[in-house]
Each structure stands twice: as C-alpha cells, then as structure tokens.
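# Coordinate inspection notes
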Amino acid sequence: MATYSTNVSASWGGTPFAEVYDLSFAYGSGLPKGWDSEWSDDLGSVTLSCFGVANITLAEYGKRRQLVIGGGGASLTCMAVLESLAVQYGLNDVTRFTVTFKILDQ
C-alpha cells in the first residue's frame, strides 16, 4: 500500500524548515568498491524545497549541523553540511527555497 507524504518535517541545527513541499534523500553512496580501492566518504545528499528557511542564510554555507527529517513514511537523523541554498521569487506568488545538504560521517 502506498505511503502518503504528509506531515513531512525537517530541521537543521534545531532550526525548522517551514512548509516542506518536496524532499528527497539518498543515503549510502560511500561504500568501498573493494579491498584495493580507496574509501569514498560520500555518504549521500539531501534536497528539500520549502516556503521558509528561518535563520538559515548563506552565512551558514559549509557549516556542519544535525539534520533531522521525519514524516511521510521515512526518517533520517544525521550530520550534514549546507551545500547550497537557492531562492525563487515569483511575481504575485510566494518565495520558494531549495536547500541541498551533503551527508557527513558521524
């Protein structure tokens, strides 16, 4: 049976994102390829779109904080670094924010 994407919430460093309307994450892309290859610490990424990013500005770029995601049938709690912040303004519309995080090893 399908899982409805309702009541999705996300916060970074304790600061919540307002009205998350799109969220995707991939965790686990950093596994070693073999005994003779180098370890990759790329653990995955998170992209979320919302209508408000209270107190999260470009000054937070590159900072490491705890990311907590819940609701919609999935959850994730991990350390993450702010990789990008995109803002989309629309004439006679709302402002939309898209935030991308890189998942870090604890």
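Residues numbered from 1 in each chain as written. Predicted model: local features only at pLDDT ≥ 70, side-chain atom pairs only at ≥ 80, totals over all residues. Heavy atoms only, no water.

## A word on the overall build of the chain
Basically, it comes down to this: Helical segments are the DSSP runs of H or I of at least four residues, strand segments are the runs of E of at least two, and each set is numbered from the N terminus. Between buried and exposed lies partly exposed: a residue is buried under 20% and exposed over 50% of the maximum accessible area for its type, with that area taken using a 1.4 Å probe on protein chains only. The criterion used for residue contact is that any of the two residues' heavy atoms lie within 4.5 Å. We get accessible surface area from the Shrake-Rupley algorithm with a probe of 1.4 Å; when it comes to residues, only the shown protein chains can shield them.
Secondary structure summary: the chain contains 0 helices and 7 strands in total. Ordered by position from N to C terminus, the α and β elements of the chain give β-β-β-β-β-β-β. The buried share among the 106 residues of the chain stands at 29%. Here the analysis covers contacts within the chain between residues at least 6 apart in sequence; of these, 58% occur between residues at least 24 apart. Accessible surface, the chain as shown: approximately 7,100 Å² in total, 51% of it carbon and sulfur.

## Side note on the confidence of the model for the chain
In plain terms, the rule: Values of pLDDT, the confidence the predictor places in each residue, fall between 0 and 100.
The predicted model of the chain averages 85 in pLDDT, with 87% of residues at 70 or higher. Across the chain, strand S5 (residues 64-70) holds the top mean pLDDT of 95, while strand S3 (residues 18-27) sits lowest at 90.

## Digging into unusual backbone geometry
The backbone of Glu-19 shows a phi angle near 50°, a positive value even though the residue is not glycine. Relative to the assigned elements, Glu-19 resides in strand S3.

## Examining the pattern of salt bridges
The following threshold applies: Counted as salt bridges are all cases of a side-chain nitrogen of Lys or Arg within 4 Å of a carboxyl oxygen of Asp or Glu.
Scanning all chains against the criterion turns up 2 salt bridges. Measuring nitrogen to oxygen at the nearest pair gives 3.6 Å for the salt bridge that ties Arg-96 to Asp-93. The class for Arg-96 is partly exposed, based on a relative accessible area of 25%. For Asp-93, a relative accessible area of 46% puts it in the partly exposed group.

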